[in-house]
2 protein chains.
Amino acid sequence: MSSTPSCNPGFSCGLDATLRVIAGKWKPLIIYFLIQGPNRYGELKRAVRGVSDKMLIQQLKELDSDGIVTRHDYQEVPPRVDYTLTPLGHSLAEALTPLCNWGSDNMAEVARIFAERESWSAGAPGPRPS
Amino acid sequence: MSSTPSCNPGFSCGLDATLRVIAGKWKPLIIYFLIQGPNRYGELKRAVRGVSDKMLIQQLKELDSDGIVTRHDYQEVPPRVDYTLTPLGHSLAEALTPLCNWGSDNMAEVARIFAERESWSAGAPGPRPS
DNA sequence: CTGCATCCCCTCAGATACTG
DNA sequence: CAGTATCTGAGGGGATGCAG
C-alpha cells in the first residue's frame, strides 16, 4: 500500500531519490529553462549553451521516460517538436528555484573562488597552501 | 539584487554557478548531511552509503577549497576530524532542502518509475507503461 | 594516500529527411 | 542552399573503485 515508508528500497533519503532523476550535467538546467518558457528543441538548445545535440536529445529522452517532461511531435514538415513539464516535472523545477537563487546571490563569491583556483596554477602569490 | 550582476563571466545563470559547486555524485548528499547534524568523518561515511573513502575524502577536500566546509583536525590519537559548514555552505545546504523534500514527497513515484525501468529486463507483467 | 585499471559521460563530427 | 530535429559512431577525459 502507499504507506510511504521512511526509507524506501534504494534511496537513503529524499535527496538521494531526487539526485537519481536530475543526475547529469544538463538535466537541472534543462528542467529549469523549461519552466521559464522556451520549449521548442531549438529554443532549448540556445538556452542551454554549450550542450551538443546528442546530449540534449539524450537527456530529454531520459527525462521523458522518467515522467518529468512530455515530448510533443507535431509531425510537421519543418520538424516541430516541443517539450513540456509534467506536473511532476513542474514541481521539481520549483524545487530547483532556491538553488538558482543561491547561485545568483553568491555568484560573485563563487566566481572569485573559481578564479583563484585557476590563478594559483598560473603562479599566484597566494600565502594559501595549507 | 541591486548589485547582483545579471550574467557574470562563465555562468549563464545562477543555477549554472551552483552546479559547478555541487557537481559530482556525492557533494549534494554530503552537504545535506552536514547540516543535519554532527559530522565526524566516520559519521559522514555511514550517512552517505556507498561512498568510498577515497571519494569522500576527495569531495570533502574540494568542498573545503570551495569554501563550503571547514575541516578541523584535532590531531589526536585516535584520529579525530570533523567537518562543518561555512556560512556559505550553510546557505547552500538550505537551498538543497526543497530538493530533498521533493524527493521525499515523490519517492513512491520515483521508485515506481525506476522499478518499471528495471523490470523491462526481467519481463514484468506490467499493465503497459506507455 | 598513491597508482593503476575501468567505466561511463560527454563532446566532436558527420549523416538523414523534407521544405522553401 | 539554408533551417529544423534527430541519430550514429568514434574518442577523450574525468569519475570511480581496488589494490599496494
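For chain A, an unreviewed UniProt entry supplies the name Helix-turn-helix domain-containing protein and the organism Novosphingobium anseongense.

Enquirer: What's the story with the overall build of chain A in this structure? I'm lost.
Expert: Helix and strand content of chain A: six helices and two strands. Within the span of chain A, comprising 130 residues, buried residues form 39% of the whole. Counting every atom, chain A has about 7400 Å² of accessible surface; 53% of that belongs to carbon and sulfur.

Enquirer: Is there a simple way to think about the protein's contact with DNA strand C in this case?
Expert: Around DNA strand C, the neighbouring residues are A:G24, A:K25, A:W26, A:S52, A:K54, A:M55, A:Q59, A:V77 and B:K54. When atoms of DNA strand C within 4 Å of the protein are split into backbone and base, the sugar-phosphate part holds 62%. In this structure, a phosphate oxygen belonging to DNA strand C sits 2.6 Å away from a main-chain N or O atom of A:K25. A distance of 3.1 Å separates a base oxygen of DNA strand C from a polar atom in the side chain of A:K54. Of all the elements, helix α4 (residues 53-65) of chain A adds the most residues to the surface near DNA strand C, at three residues. When the residues that make up the surface near DNA strand C are grouped by side-chain class, the tally is three nonpolar, three polar and three charged.

Enquirer: Looking at this structure, how should I read the protein's contact with DNA strand D?
Expert: Near DNA strand D, the surroundings consist of 15 residues, among which A:I57, A:K61, A:R71, B:K25 and B:K54 are the closest. Backbone atoms, meaning sugar and phosphate, make up 59% of the atoms of DNA strand D lying within 4 Å of the protein. A distance of 3.0 Å is found between a phosphate oxygen of DNA strand D and a backbone nitrogen or oxygen belonging to A:G42. The contact in question runs from a phosphate oxygen of DNA strand D to an N or O atom on the side chain of A:Y83, over 3.1 Å. Elements that contribute at least two residues to the surface near DNA strand D include exactly α3 (41-47), α4 and β2 (81-85) of chain A together with α4 (53-65) of chain B. Looking at which element gives the most residues to the surface near DNA strand D, the answer is α4(A), with four residues.

Enquirer: What is the right way to look at the UniProt feature "domain: HTH hxlR-type" (unreviewed entry) in chain A in this model?
Expert: Within the UniProt annotation, "domain: HTH hxlR-type" (unreviewed entry) is assigned to residues 13-111 of chain A. End C-alpha to end C-alpha, residues 13-111 of chain A measures 31 Å, and it is 64% helix and 10% strand.

Enquirer: Where do I start with the pairing of strand β2 (residues 81-85) of chain B in this structure?
Expert: The side chains of a regular strand alternate, first on one face of the sheet and then on the other. All names here are of chain B. The buried fraction of β2 amounts to four of the five residues, a majority that puts the element mostly inside the structure. Of the pairings in the sheet, the one linking strand β1 (residues 69-73) to β2 comprises five bridges and is antiparallel in character. What sits directly across from D73, in β2, is V81.

Enquirer: Can you walk me through α4(B) in this structure?
Expert: Structurally, the α-helix is built with 3.6 residues per turn, so residues lying three or four positions apart point the same way. Residue and element names in this part refer to chain B. With 13 residues, α4 should cover 18 Å at 1.5 Å per step; its first-to-last C-alpha distance of 18 Å lies within 8% of that length. Regarding α4, the residues found buried are L56, Q59, L60 and L63. End-on, the buried residues of α4 take up no more than an arc of 100°, which puts them together on one face. Every exposed residue of α4 that faces more than 90 degrees away from the buried side is listed here: K54 and K61.

Enquirer: I tried to follow helix α5 (residues 87-105) of chain B on my own but got confused; where do I start?
Expert: Residue and element names in this part refer to chain B. With 19 residues, α5 should reach 27 Å at 1.5 Å per residue; the first-to-last C-alpha distance of 28 Å fits that figure. The largest bend in α5 amounts to roughly 30° and is located at L96, with the proline P98 lying one to four residues further along. Taken residue by residue, α5 has L88, G89, L92, A93, A95, L96, L99, C100, W102 and G103 as its buried positions.

Enquirer: Got a minute to help me understand the interface of chain B and chain A in this structure?
Expert: Much of the literature gives interface size as the accessible area that the parts lose upon coming together. Taken together, the contact pairs 39 residues of chain B with 39 residues of chain A. For the pair chain B and chain A, the summed buried surface comes to about 3800 Å²; carbon and sulfur atoms form 77% of the total. Where chain B meets chain A, there are six residue pairs in polar contact (both at pLDDT 80 or more). Contributions of two or more residues to the side of chain B that touches chain A are made by α1 (14-22), α2 (27-35), α4, α5 and α6 (107-119) of chain B. Top contributing element to the side of chain B that touches chain A by residue count: α5(B), with eleven residues. Grouping the constituent residues of the side of chain B that touches chain A by class yields 24 nonpolar, nine polar and six charged.

Enquirer: What should I look at first to understand the environment of A:P28 in this one?
Expert: Following the sequence through the fold, A:P28 ends up in helix α2 (residues 27-36). Classification of A:P28 as buried rests on a relative accessible area of 4%. Distance from A:P28 to A:L85, taken between C-alpha atoms, is 13 Å for residues 57 residues apart in sequence. Sequence-distant contacts of A:P28, that is, excluding residues within four places in its chain, are made with A:I22, A:L96, B:L15 and B:L19.

Scoring rules and cut-offs
Residues numbered from 1 in each chain as written. Chains lettered and ligands numbered in written order. Predicted model: local features only at pLDDT ≥ 70, side-chain atom pairs only at ≥ 80, totals over all residues. Heavy atoms only, no water. Helix = DSSP H or I, 4+ residues; strand = E, 2+ residues; numbered from the N terminus. Buried < 20%, exposed > 50% of the residue type's maximum accessible area, 1.4 Å probe, protein only. Areas by Shrake-Rupley, 256 points an atom, 1.4 Å probe, with all protein chains shown as cover. Near = heavy atom within 4 Å. Polar contact = N/O pair within 3.5 Å; in protein donor to acceptor, adjacent residues only side chain to side chain. Nonpolar A, V, L, I, M, F, W, Y, C, P; charged D, E, K, R; others polar. UniProt positions renumbered as here; feature names shortened; annotations may be inferred. Pairing = 2+ DSSP bridges. Expected span 1.5 Å × (residues − 1). Arc of directions from axis to C-beta. Bend = angle between axes of the 7 residues up to and from the residue. Contact = heavy atoms within 4.5 Å. Buried area = accessible area lost by both parts, 1.4 Å probe.

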